[in-house]
Amino acid sequence: MKWQNMRQSSNVEDARNSSSSGGFPGGMMGSGGGGGGLISLILSMLLSGRGGKGLILLLLVVMFLGGGLSSLGGMFDQGGSSVPPTEQSSGSNQDGQTKSQDDIVQEQGGDKATDPEMAFLSAVLASTEDMWAAKFKEHGMEYRNPTLHVYSGQVNTSGCGFSTAAAGPFYCPADEKVYIDLSFYRELKEKYKAPGDFAMAYVLAHEVGHHVQKLVGTMDQYVKLKSQLNEKEGNQLNVRLEVQADYYAGAWAKYAEQQGVLEDGDVEEAIQAAIAVGDDTLQKAAYGTVVPDSFTHGSAKQRTSWFNRGYQYGDFEHGDSFNSEIDLPQ
Ligand SMILES: [Zn+2]
């Protein structure tokens, strides 16, 4: 992505050097599979009888990966195993692309590696701000910018409780912030085999998609509806929420293309990331088997097809995943 000359958003909080942890008494929450921190938090709250409001708010956190809260059931069923790393050091490196700015981390190297990442995410965020402000205006609505909160290790949100980097990027509707630990950048590349700057751009655009869902009221409807459903139906509703965020990410990719900032291979990088974080991909890697009823974020095929649909149409109308077939014709 040609992001170097793009406007950078000022709605970014760099909290990588601040200790916002507040010393949550869970301990040992920095490692483990996706969502380990949040799960530990919930368990601690339940065990200490401190569920209440904090727990309810926490459940509204919308995460990028399926390995978070949603895997609670799966984790118990599977004897506590979490998503293991899917390392396979096959000698063939299939991303033999030669885009020099493709990998910001490698290009910069050394201690300053994180600053270009901040600049990059600020540029992507600014681009989503411009796009959604225009789209909302077209529909007689006003867009309110979300805040990107970049932290390191662990974070206390204002309204969605405590989280750690293990949970992956997430959006907190209560404070309208997207929370990202930059280590996820490397995780995408190394653990999920989805390298490239646009893979991370997709992640951010997906989280901004959840913010759009909050602003247009979809999130509220989702919460109301979900409370009336059983687990299986609730999971399906969750998938609809997630693939819509993927649709919105695709819509942004279309906008970025129209702005002339896409490079060859960018869209493929996003799609590779969507495949990598598909529920079936993650489950297969973790358990060797796939249980579609437990999907909460959508299969690789669902996620990529909704991203592609957003990339194709880029409007609100075609993105109603709540009232259309979830499995799109290919
Ligand atoms: Zn999501």
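What counts, and at which threshold
- Residues numbered from 1 in each chain as written.
- Predicted model: local features only at pLDDT ≥ 70, side-chain atom pairs only at ≥ 80, totals over all residues.
- Heavy atoms only, no water.
- Helix = DSSP H or I, 4+ residues; strand = E, 2+ residues; numbered from the N terminus.
- Buried < 20%, exposed > 50% of the residue type's maximum accessible area, 1.4 Å probe, protein only.
- Contact = heavy atoms within 4.5 Å.
- Salt bridge = Lys/Arg side-chain N within 4 Å of Asp/Glu carboxyl O.
- Phe/Tyr/Trp six-rings, centres within 6.5 Å; stacked < 30°, edge-to-face > 60°.
- Donors = N, O, S within 2.8 Å, 3.2 Å for Na, K, Ca; no water.
- Disulfide = S-S within 2.5 Å.

A. Focus on the side chain of T147. You can see T147 is positioned in strand β3 (residues 147-151). Taking relative accessible area as the criterion, T147 reaches 18% and is therefore assigned buried. Contacts of T147, omitting those with residues within four sequence positions, involve N11, E13, E176, K177 and V178.

B. Broad picture of the pattern of salt bridges. All chains considered together, the criterion is met by 11 salt bridges. A salt bridge links E129 to R7, with the shortest nitrogen-to-oxygen separation between them at 3.0 Å. You can see E129 sitting in helix α5 (residues 114-138) and its partner R7 sitting in the segment before β1 (12-15), a full 122 residues away along the chain. Two residues, D293 and K232, come together in a salt bridge whose shortest N-O distance is 3.8 Å. Placement of the pair is D293 in the loop between α11 (279-287) and α12 (300-313) and K232 in helix α9 (residues 231-258), with a sequence separation of 61 residues. Here D293 falls in the partly exposed class, since its relative accessible area comes to 40%. What you see here is one network of salt bridges that share partners, running through R7, E129 and D130.

C. Spotlight on the packing of aromatic side chains. For the structure on display, the rule yields 13 aromatic pairs. Ring centres 6.0 Å apart and planes at 70° place the aromatic pair Y247 and Y248 in the edge-to-face group. The exposure class of Y247 is buried, given its relative accessible area of 0%. Clustering of aromatic rings is evident, with ring pairs tying together W132, F136, Y143, Y247, Y248, W306 and F316.

D. Structural detail: the coordination of the zinc ion. Here the zinc ion is held by the protein donor atoms H206 (NE2), H210 (NE2) and E242 (OE), which lie 1.9 to 2.1 Å from it. Mapping the donors of the zinc ion onto the primary sequence gives the spacing H-x3-H-x31-E. Placement of both H206 and H210 in helix α7 (residues 197-216) is noted, with a separation of 4 residues, approximately one turn of the helix. For the pair shown, H206 and H210 are each scored as buried.

E. Expanded view of the state of the cysteines. By the definition in use, this model includes 1 disulfide. For C160, the disulfide goes to C172, at an S-S distance of 2.0 Å. Sign of the S-S torsion, about 85° for the bond between C160 and C172, identifies this disulfide as right-handed. Here the residue C160 occupies a position in the loop between β4 (154-156) and β5 (162-164), and C172 occupies one in strand β6 (residues 170-172), the gap between them amounting to 12 residues. Here C160 and C172 have matching classes, each one buried.

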